[in-house]
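Chain residues, written in single-letter form:
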Amino acid sequence: MRETKPYNISQKVVLTAYERVKANKGSYGVDEQTLQDFEKDLKNNLYKIWNRMSSGSYMPKPVKAVAIPKKNGGTRILGIPTVEDRIAQMTAKMYFEPSVEPIFCEDSYGYRPNKSAIQAVAVTRQRCWRKDWVLEFDIKGLFDNIRHDYLMALVEKHSTEKWISLYIRRWLTAPFQMADGTMVPRTAGTPQGGVISPVLANLFLHYTFDTFMEKEFPRIPWARYADDGVTHCVTLEQAKYVLGRLCERFKRCGLEINLEKTRIVYCKDDDRKGDYLNTSFDFLGYTFRPRHAKNKYGKYFTSFLPAISDKAQKAIREEVRRWKLQLKPDKSINELANIFNSKIQGWINYYTHFYKAEIYAVLRYINACLIKWVRKKYKKLKHRRRAEYWLGNVAKRERKLFAHWKFGVMPTAG
């Protein structure tokens, strides 16, 4: 006899949710259960999640609070749910996302199927050529400050499944467990790190910002990736007016624009003769500013273009330093390539869509760190020139060994 449950949740969806969580990897939560631990009794553990969710008895565990550094200084709190809570959230997301995805706007790019940050950068680049002014805004602590009452009203508006709103409410109010073990109750926000948080943040901002812009400023183009957004204006006065209206709008919805990180920018190029204090802005790891370009006739001119930002370059260098290649003389060069190639390829894939020459210095830095590894590994190659020569010859023979060598940033062979 088949079990009857108050809520009709497919066991196949729970299994698929687990497979997606596994593919995303991720750390353990407050119970310290890893994915490998969970998989030791996989069938039974998945059944328990399905059984509790279907019966209405599922209760999430506290969220592990982890402080991670921001690129511009300070820290932000990342909330890490347990493995079983991530699977449960993925299950809810798979049911809920299809009901809200069709209503989202074309220029909302963050954490959506078939949407990407590069698409947002590309459309912003084109619009900077057409409109003289950009208002780049930053929302202060979006994931920490979303009002639960507003958000739950939106969830219930777009979901016919009572269990979805039931469990989303429980996830929103599950306490943070800090590093010292203390529990901190949560009355606002949705944890950055939760599986379902990006969908909820998009839903909230769809009504807070996206539809507001389409209704109030239908002729002003905009692009938003989660809490990062830009609008394109005709005049400085228009940009200031939009900023004022957005400050009011966000305040009414329980959020706040961070004015210290928000700026109005003049898209300076050869055709724009005016002047203004700000002529550059950062968006999604790219800096937009006046740069030299060459037209199809070979003539150079100044255009307003994106390239990898200084902050992104600094972050990459810091990560490469953390690899501590010079402390890995026990590894072969092939092993180093296997360990780090996917990361290097990821940087190349993301930061070379526009003005790719700007990333060369960072990739050359990786070569410099590899030379330090050579000097540490081989006693006969302690002299820098010898190490450079050796590595350069390896690169000539095996250009495909490292992703940046294949890309064309090779160490010299003397």
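In the block above lies the structure referred to throughout.
Below or above, wherever it landed, is the structure these notes cover. (Residues numbered from 1 in each chain as written. Predicted model: local features only at pLDDT ≥ 70, side-chain atom pairs only at ≥ 80, totals over all residues. Heavy atoms only, no water.)

### So, helix α1 (residues 11-24)
With 14 residues, α1 ought to run about 20 Å at 1.5 Å a step, and its terminal C-alpha atoms sit 20 Å apart, in line with that. Regarding α1, the residues found buried are Val13, Val14, Ala17, Tyr18 and Val21. Buried residues of α1 fall within an arc of 145° about the axis and therefore sit on the same side. Relative to its buried face, α1 has exposed residues pointing more than 90 degrees away, namely Lys12 and Ala23. Packed against the buried residues of α1 are α2 (35-39), α3 (42-55) and α4 (83-100). Taking the backbone nitrogen of Lys12 as reference, a side-chain oxygen 3.1 Å away marks Ser10 as the first, capping residue of α1. Lys25 occupies a position one or two residues after α1 and carries a positive phi of about 60°. (Helix = DSSP H or I, 4+ residues; strand = E, 2+ residues; numbered from the N terminus. Expected span 1.5 Å × (residues − 1). Buried < 20%, exposed > 50% of the residue type's maximum accessible area, 1.4 Å probe, protein only. Arc of directions from axis to C-beta. Contact = heavy atoms within 4.5 Å. Polar contact = N/O pair within 3.5 Å; in protein donor to acceptor, adjacent residues only side chain to side chain.)

### What about a positive patch on the surface?
A contiguous patch of positive charge, built from Lys70, Arg76, Lys261, Arg263 and Lys311, is present on the exposed surface. With respect to the helices, strands and loops of the structure, Lys70 is situated in the loop between β1 (63-69) and β2 (75-80). A relative accessible area of 35% means that Lys70 is categorised as partly exposed. (Patch = residues over 30% accessible without salt bridge, like charges linked within 9 Å, V, L, I, M, F, W, Y side chains within 5 Å. Areas by Shrake-Rupley, 256 points an atom, 1.4 Å probe, with all protein chains shown as cover. Salt bridge = Lys/Arg side-chain N within 4 Å of Asp/Glu carboxyl O. Lys, Arg positive; Asp, Glu negative; His and termini not counted. Charge placed at Lys NZ, Arg CZ, Asp CG, Glu CD.)

### Some details on the packing of α4 against helix α8 (residues 162-173)
The description of two helices packed together rests on the angle between their axes and the distance between the axes. α8 packs onto α4 with a crossing angle of 140° between their chain directions and a minimal axis gap of 11 Å. As summarised for this structure, α4 and α8 are arranged oblique, according to the angle between their axes. Where α4 crosses over α8, the handedness of that crossing is left-handed. Taking contact as the criterion, the partners of Asp85, Ala88, Gln89, Thr91, Ala92, Tyr95 and Phe96 in α4 are, on α8, Trp163, Ile164 and Trp171. When its residues are assigned to classes, the contact of α4 with α8 shows 7 nonpolar, 2 polar and 1 charged. (Axes fitted to C-alpha atoms, helices over the stretch in contact; angles between N-to-C directions. Parallel < 35°, antiparallel > 145°, perpendicular 65-115°, else oblique. Left-handed = near helix turned anticlockwise from the far one by under 90°. Nonpolar A, V, L, I, M, F, W, Y, C, P; charged D, E, K, R; others polar.)

### Considering the pattern of salt bridges
Enumeration over the complete set of coordinates arrives at 16 salt bridges. A salt bridge links Asp37 to Lys40; its shortest N-O distance comes to 3.5 Å. What you see here is one network of salt bridges that share partners, running through Arg52, Lys61 and Glu84.

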